[in-house]
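# Structure at a glance
Now for the letters of each chain:
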Amino acid sequence: MSQRRIGQILVDLGFLTDDQLEIVLEEQEQQPGALFGRVAEGMQLITDEQLMQALAEQMGMQTVTLEGVKIEPEILGMISETMAQLYRCVPVKFDKASNMLTIATCDPQNLNIQDELRTFLGYEISVVVATERDVNTTITKHFDSEAESVEKLVAELNEDEDLKVAAASVLDQEKFNITDAAALADSAPVRKLLNMVLLLAIKDHASDIHFEPFEDEFRIRIKAEGVLYEMVPPPRHLAFAITTRIKVMADLDIAERRMPQDGRIELMVGGHPVDLRVSVLPTIFGESTVMRVLDRSVVNLSLDNVGMNAVTIDKFRKAIDRPNGIVLVTGPTGSGKTTTLYSALSEMNDITEKLITTEDPVEYDIDGIIQIPIDSDAGVTFASCLRAILRQDPDTILVGEIRDLETAEIAIQAALTGHLVFSTLHTNDSPSTVTRLTDMGIQPFMICATVEAILAQRLVRRICTGCREKTRVSSDILMELGLKREDVEKVDFFKGTGCEKCNNTGYKGRIALFELMLMNDTIREMIMSGDSTDDLRDKAQADGMITLRDYGMTVAQEGITTLDEIVRETVNE
């Protein structure tokens, strides 16, 4: 039976007239993506309470009033503030017999709430409906700030003697029991701490989460915007329990503690998929675990948004507009190579073009593009996949990474047979990519025949606009940049002093630096002659290539980033 529309329910309940229904529908058309109930409330045709009643009627749920209701601290403690804000909900009741947690939400139409909270918390979830005002007021009133919540939870874990005893017995090599280890890893405090760390990392758009055991401490660090930040370290005796919990979530062998293991955790957070690539590595003090966070919800992928200046973007668009050839993007891990290539693919994503990608793993889901994940265990490698792709009649192919000679040779054959091939390589700059390809075993004449453009890139942090101010360039930075004091006297440079908006780092967000080398007849002749990387760089610069360092200097002079960031991410050629 199809669900009744919220507008009709509001009319049936007497909260709206038929004429008002039409007016709200017309207004909703002017606000793409807006919900009918919120539009009607914004037009002051209905109240928050009336909307709550209609939503409960639509979803077949009960309503609850939170104002003046006393919620037990142990029930509030079952979810973190991040989770409460993300799902716009508060816990109101817990039944131990059925393991059922009742939550009140102002967003009952989000059908993922029950499944996602069940995955995170390990309880059965029952949902009731409350007003948005009630939910927001309750969250503000009852939850501390997130930093305090982490500190408080860690302090509670430190004082939990039962947990210490359980951890000690599990770590006893002679009495090691897998069932006890799994039970410890599944205990509420361990689960809650890990949930809090994961949600904080995803909320802060972190790229990696590090769990590192040392002799006297267990460190948790989160990498956001290319820099690692340490969280409050949990008790050392919980290292094994937290690592085991991660291994359970990633479907790894919890009994194996001597061999490296790799796995994957797939979560739904706030209604969109998040992939966590898990790497577990044995060390002398336990297992070190790193999670790579891949938020596969489609961001606004467009070349206009990647940060290229007008000259570079114009040249790059001409390079990718060719019918065949190879376009390479180079840089270290986490420098935004995949985002740049997908932005290029998005521009080419037309009904007349067949686009196929093969990646390890697939980082973005894009409608209209055939995307193939690499699975080495099943024999699906870049090389084998690329061979199969060529039999699928593609126009444009994206190969996640050229890792070996076999993949490089098939990519070259694809380019020679009329396909446009995008791929990535790990090199320091554009000219050194040629040397990297020849070191792999690619013949120079093959490079000259197929490679059309090489784009090197780096990510630097943006200065926070909330605390940006002028600064004097230090002598050390001048020396690193090879400049004199008089070279910078007439230019204003900036830095961030640190504020609440940027967590006192002085930086908020990142911007990319680019170095685009286009192949021409002269550069091809130099490659055939075996000229050095330095000679290629000099010629490319003479032909108009802007180096990463020079591109970065321009961005710093525009007040977008600091000279410290330019020195950190680029080298002086």
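Residues numbered from 1 in each chain as written. Predicted model: local features only at pLDDT ≥ 70, side-chain atom pairs only at ≥ 80, totals over all residues. Heavy atoms only, no water.

## A few points about unusual backbone geometry
One non-glycine residue with positive phi stands out, namely Q44, at about 60°. Its location among the elements puts Q44 in the loop between α3 (36–42) and α4 (48–59). Q44 sits in the exposed class, given a relative accessible area of 72%. Here the phi dihedral of E225 falls at roughly 55°; this positive angle occurs in a residue that is not glycine. Take E225: it is sitting in the loop between β5 (218–224) and β6 (227–230). (Helix = DSSP H or I, 4+ residues; strand = E, 2+ residues; numbered from the N terminus. Buried < 20%, exposed > 50% of the residue type's maximum accessible area, 1.4 Å probe, protein only.)

## Considerations on the packing of helix α11 (residues 178–185) against helix α13 (residues 239–249)
As a packed pair, α11 and α13 sit with axes 8 Å apart at the nearest point and diverge in direction by 90°. Relative to α13, α11 is oriented roughly perpendicular. Facing α11, whose interface residues are A181, L184 and A185, α13 presents F240, A241, T244 and R245. (Axes fitted to C-alpha atoms, helices over the stretch in contact; angles between N-to-C directions. Parallel < 35°, antiparallel > 145°, perpendicular 65-115°, else oblique. Contact = heavy atoms within 4.5 Å.)

## What to know about the sheet that holds strand β14 (residues 420–425)
With mixed pairing, 7 strands are arranged side by side in an open sheet as β12-β11-β13-β14-β10-β15-β18. Of all the strands in the sheet, just β12 (370–373) and β18 (507–518) have a single pairing partner and so form its edges. Mean inter-strand twist for the sheet, computed between neighbouring axes without regard to direction, equals 20°. Relative to β14, strand β10 (residues 325–330) is paired through 6 bridges, and the arrangement is parallel. Of the residues in β14, the one forming a bridge with V327 is F422. (Pairing = 2+ DSSP bridges.)

## A short note on the pairing of strand β13 (residues 396–399)
Taken residue by residue, a regular strand's side chains alternate between the two faces of the sheet. Here β13 shows two buried faces, one formed by T396 and L398 and the other by I397 and V399. In this structure, strand β11 (residues 355–359) lies alongside β13, joined through 4 bridges in parallel fashion. Paired with T358 across the strands is V399, a residue of β13. Bridge count for β13 against β14 is 4 bridges, and the pairing is parallel. Residue pairing across strands places T396 opposite L420, the latter belonging to β14. Remark: the β13/helix α17 (residues 405–416)/β14 crossover connection has right-handed handedness. (Right-handed = clockwise from strand over helix to strand, strands pointing away.)

## Points about the pattern of salt bridges
Under the counting rule described, the total for this entry stands at 29 salt bridges. Note that R537 and D429 form a salt bridge whose closest N and O atoms lie 2.6 Å from each other. Placement of the pair is R537 in helix α23 (residues 533–542) and D429 in the loop between β14 and α18 (431–440), with a sequence separation of 108 residues. The buried category is assigned to R537, whose relative accessible area is 8%. Here R568 and E569 are joined by a salt bridge, their closest N and O atoms 3.4 Å apart. Several salt bridges share partner residues, and in doing so they unite R38, E41, R88 and E132 into one network. (Salt bridge = Lys/Arg side-chain N within 4 Å of Asp/Glu carboxyl O.)

## Notes on the layout of surface pockets
Taken as a whole, the second largest pocket spans an internal volume of roughly 620 Å³. For the second largest pocket, the lining is made up of 27 residues, of which G77, M78, L153, E156 and K192 are closest to its centre. Broken down by secondary-structure element, the contributors of at least two residues to the lining of the second largest pocket are α5 (73–76), α6 (81–87), α7 (112–121), α9 (146–159) and α12 (188–203). The greatest single-element share of the lining of the second largest pocket, amounting to 6 residues, is contributed by α12. A class-by-class count of the residues in the lining of the second largest pocket yields 14 nonpolar, 5 polar and 8 charged. (1 Å grid on protein atoms, 1.4 Å probe; cavity = no way out; pocket = protein on both sides within 12 Å on 5 of 7 lines; lining within 4 Å. Points joined across faces, edges and corners; volume = space filled by probe spheres on them. Nonpolar A, V, L, I, M, F, W, Y, C, P; charged D, E, K, R; others polar.)

## Notes on the UniProt feature "domain: Bacterial type II secretion system protein E" (unreviewed entry) in the protein chain
Under the present numbering, the feature "domain: Bacterial type II secretion system protein E" (unreviewed entry) in UniProt falls on residues 390–404. Here residues 390–404 is 0% helix and 27% strand, with 18 Å between the C-alpha atoms at its ends. (UniProt positions renumbered as here; feature names shortened; annotations may be inferred.)

## Observations concerning the sheet that holds strand β2 (residues 100–105)
Spatially, β1-β2-β3 is the arrangement adopted by the 3 strands of the open sheet, whose pairing is mixed. The sheet is open, and its two borders are formed by β1 (89–95) and β3 (124–129), each paired with just one other strand. Ignoring strand direction, the axes of neighbouring strands in this sheet form an average angle of 30°. Taken together, the 6 bridges between β1 and β2 define a ladder with antiparallel strand orientation. Looking at the pairing, V90 lines up with A104 of β2.

## Focus on α17
Residues separated by three or four positions in an α-helix point in the same direction, a consequence of the helix having 3.6 residues per turn. Over its 12 residues, α17 runs 16 Å from end to end, which matches the ideal 16 Å to within 8%, given 1.5 Å per residue. All buried positions along α17 are accounted for by T407, A408, I410, A411, I412, A414 and A415. In the segment just after α17, G418 is the residue with positive phi, at about 95°. (Expected span 1.5 Å × (residues − 1).)

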